[in-house]
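Topology and contacts: notes
Now for the letters of each chain:
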Amino acid sequence: MDQLQQARAQIDAIDAQMAALFEQRMQAVGQVARYKAATGKPVFDPAREDAVLDKNTARLQDEALRPYYRRFLQQAMAVSRAYQRQLLGRDVAAYQGVQGAWSHIALCRLLPFAKARAYATWADVCDAVEAGDAQYGVLPFENSNAGDVSTVMDLLYARPGLSVARMADLPIRQDLLALPGATLAGIRTVISHQQALAQSSPFLKSHDLAARPWGNTADAARHVAESGDRTLAAIASAQTAELYGLQILVKGVNEDGDNTTRFLVVTRTDAAAPLPPAPGRRLALLFTVDHKPGKLATVIRLIGEQGFNMENIKSRPLPHVPFEYYFYVQLICPEQGTPARCGALLQSLEEVCRTVRLLGVFETGPAEEAPL
């Protein structure tokens, strides 16, 4: 047996032990779930998980392996949480649209074990989460080309019972989809969401294709699949092609190859223990200030003095108050980003703002990493 075969045999033996230990671990997780059901405790206890991660990572002798082991534990904990939610009947996640829509794709990556439930509008998604019909809701928040999804921001402002649990980025690649057997030369009309058509307009013009707006990209693909028309194509995702049995005629027809949508995962504010501030985590705040000179500048100055880096700031019209605005700011926790320091920031802002609301403390990153 050569060196590679020996190493693989050793890994197989370790994997067999890990499989047995995994079953034992999940049995214990089931006991935890039953205890939480009896006591009304939330599935996710972020402070407890942070402490467990620190304790177990410190056990490794090889410091170079510690970040990898920490990620391994984070994934194991995500699986445990998903299993607890399934046992407790808290595993429904809401999204707007139909199967294959980008919100559905984001949900599947962020909450791979959840029961995805479709709703007609973003407001319906928020209603489902507030009512407890869904544990989580997945909402588009910002696109790298089109900018903010202002309607979603306004929904969050109007619903203090909702908090942001996670923010994740999903690259958007739009493909040209058609029925099996269709050819690009035979396509006459392309349907998709107006934004997808706009982003793909150079491709459409270069091939002299007529464009027709559709409700959303996934439903456009579904319509093509049901139409039986080989002269009709849709601009949608590769996942949608697989879902509806379509072929990909051309990959990446959208003009900007870096097109990315940022999604939020929202939950009820009282449904889980809040994620504590920590270095690198994000804080999202909503606030209003008096419409007077220097008020907004004072807020920005206080944020900087407390050591929080402002990642972005957005303004939106204040509902029912013409020509006044509320503000959304996203901050990066500093190296000493402790809960006490966050509390001090909020207290200082409350002294100069008309209203202040902590929308959430959350992790950010690609949608594939560290599922909830």
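Coordinates for the structure precede this section.
Per chain, residues are indexed from 1 in the order of the written sequence. Local features in a predicted model are, by the rule used here, given only for residues with pLDDT of at least 70; side-chain atom pairs are given and counted only at 80 or more, and totals for whole chains, interfaces and linings are based on all residues. As a rule here, side-chain values cover all heavy atoms of the structure and leave hydrogens and water aside.

**Topic: the sheet that holds strand 13 (residues 309–317)**
- DSSP calls a pair of strands paired once it identifies at least 2 bridges connecting them. Put simply, DSSP H or I for four residues or longer makes a helix, DSSP E for two residues or longer makes a strand, and each gets a number counted from the N terminus. Within the open sheet, the 4 strands sit side by side as 13-14-12-15. Their pairing is antiparallel. Looking at strand neighbours, the two that pair on one side only are strand 13 and strand 15 (355–362), the edges of this open sheet. Neighbouring strand axes in the sheet, compared pairwise and without regard to direction, differ in orientation by 20° on average.
- Here 8 bridges tie strand 13 to strand 14 (residues 325–332), and the two strands are oriented antiparallel to one another. Residue M310 lies in a different strand from strand 14, and its bridge partner there is L331. Between N-to-C directions, angles cover 0 to 180 degrees, with each direction set by a line fitted to C-alpha atoms, over the stretch in contact for helices.

**Let's talk about helix 9 (residues 217–227)**
- Residue exposure (1.4 Å probe, protein chains only): buried if accessible area is under 20% of the type maximum, exposed if over 50%, otherwise partly exposed. Along helix 9, the positions that sit buried rather than exposed are T217, A218, D219, A220, A221 and V224.
- The contact criterion used throughout is that any non-hydrogen atoms of two residues lie within 4.5 Å. Elements in contact with the buried residues of helix 9: helix 4 (102–110), strand 6 (175–178), strand 7 (189–192), helix 7 (194–199), strand 9 (232–236) and helix 10 (238–244).
- Just downstream of helix 9 lies G228, where phi reads positive at about 70°.

**Things to note about the pattern of salt bridges**
- Any Lys or Arg side-chain nitrogen located within 4 Å of an Asp or Glu carboxyl oxygen qualifies as a salt bridge. Overall, the coordinates contain 19 salt bridges when judged by the stated rule.
- Between R262 and D169 there is a salt bridge; the shortest N-O distance is 2.7 Å. Placement of the pair is R262 in strand 11 (residues 260–268) and D169 in strand 5 (residues 162–171), with a sequence separation of 93 residues.
- Relative accessible area serves as the criterion here: at 25%, R262 is assigned to the partly exposed category.
- Between R301 and E305 there is a salt bridge, and its shortest N-O distance comes to 2.9 Å. Of the two residues, R301 and E305 both sit in helix 11 (residues 295–305), 4 residues apart, roughly one turn of that helix.

**A look at the nonpolar core**
- Residues grouped as a nonpolar core are buried Ala, Val, Leu, Ile, Met, Phe, Trp, Tyr and Cys residues, joined through side-chain atoms within 4.5 Å. Core analysis: the biggest nonpolar cluster contains 27 residues, and F141, L156, L264, Y328 and L359 have the highest contact counts within it.
- One finds L275, F308, C333 and C342 within the second-largest nonpolar core, a separate group that totals 20 residues.

**Digging into the sheet that holds strand 7**
- Pairing is mixed in the open sheet, where 5 strands are placed in the order 8-7-9-6-10. The outermost strands of the open sheet, each flanked by one partner alone, are strand 8 (210–213) and strand 10 (247–250). Recorded for the sheet is a direction-independent mean angle of 35° between the axes of neighbouring strands.
- The pairing of strand 6 with strand 10 spans 3 bridges and is antiparallel. Within strand 10, the position partnered with L177 by the bridge is I248.

**Here we look at the pairing of strand 3 (residues 136–143)**
- Most of strand 3 sits inside the fold, with 7 of its 8 residues counted as buried.
- The pairing of strand 3 with strand 11 spans 6 bridges and is classified as antiparallel. Looking at the pairing, N143 lines up with T261 of strand 11.
- Two elements, strand 3 and strand 4 (residues 147–148), share 2 bridges in a ladder whose sense is antiparallel.

**A closer look at the packing of aromatic side chains**
- When the centres of two rings from Phe, Tyr and Trp lie within 6.5 Å, Trp using its six-membered ring, the rings pair. Their planes under 30 degrees apart give stacked, over 60 give edge-to-face, and anything left gives tilted. Under the criterion given, the structure shown has 4 aromatic pairs.
- With 4.0 Å between their ring centres and 15° between their planes, Y157 and Y326 make a pair best called stacked. Taken together, the residues Y157 in helix 6 (residues 150–158) and Y326 in strand 14 connect sequence positions 169 residues apart.
- Only Lys NZ and Arg CZ are tested; either one counts as a charge over a ring when it is within 6 Å of the ring centre and within 35 degrees of the ring normal. Cation over ring: R81 sits above F44, and NZ or CZ is 4.6 Å from the ring centre.

**Focus on unusual backbone geometry**
- You will see that H320, though not glycine, has its phi angle at about 65°, which is positive.
- Considering the arrangement of structural elements, one finds H320 in the loop between strand 13 and strand 14.
- Take H320: its relative accessible area is 84%, and that puts it in the exposed class.
- The backbone of F323 sits at a positive phi, close to 65°, despite the residue not being glycine.
- Residue position: F323 is located in the loop between strand 13 and strand 14.
- Given a relative accessible area of 69%, F323 falls into the exposed group.

**Some details on the environment of P274**
- Relative to the helices and strands, P274 resides in the loop between strand 11 and strand 12 (282–288).
- A C-alpha to C-alpha distance of 15 Å links P274 and L264, two positions 10 residues apart in sequence.

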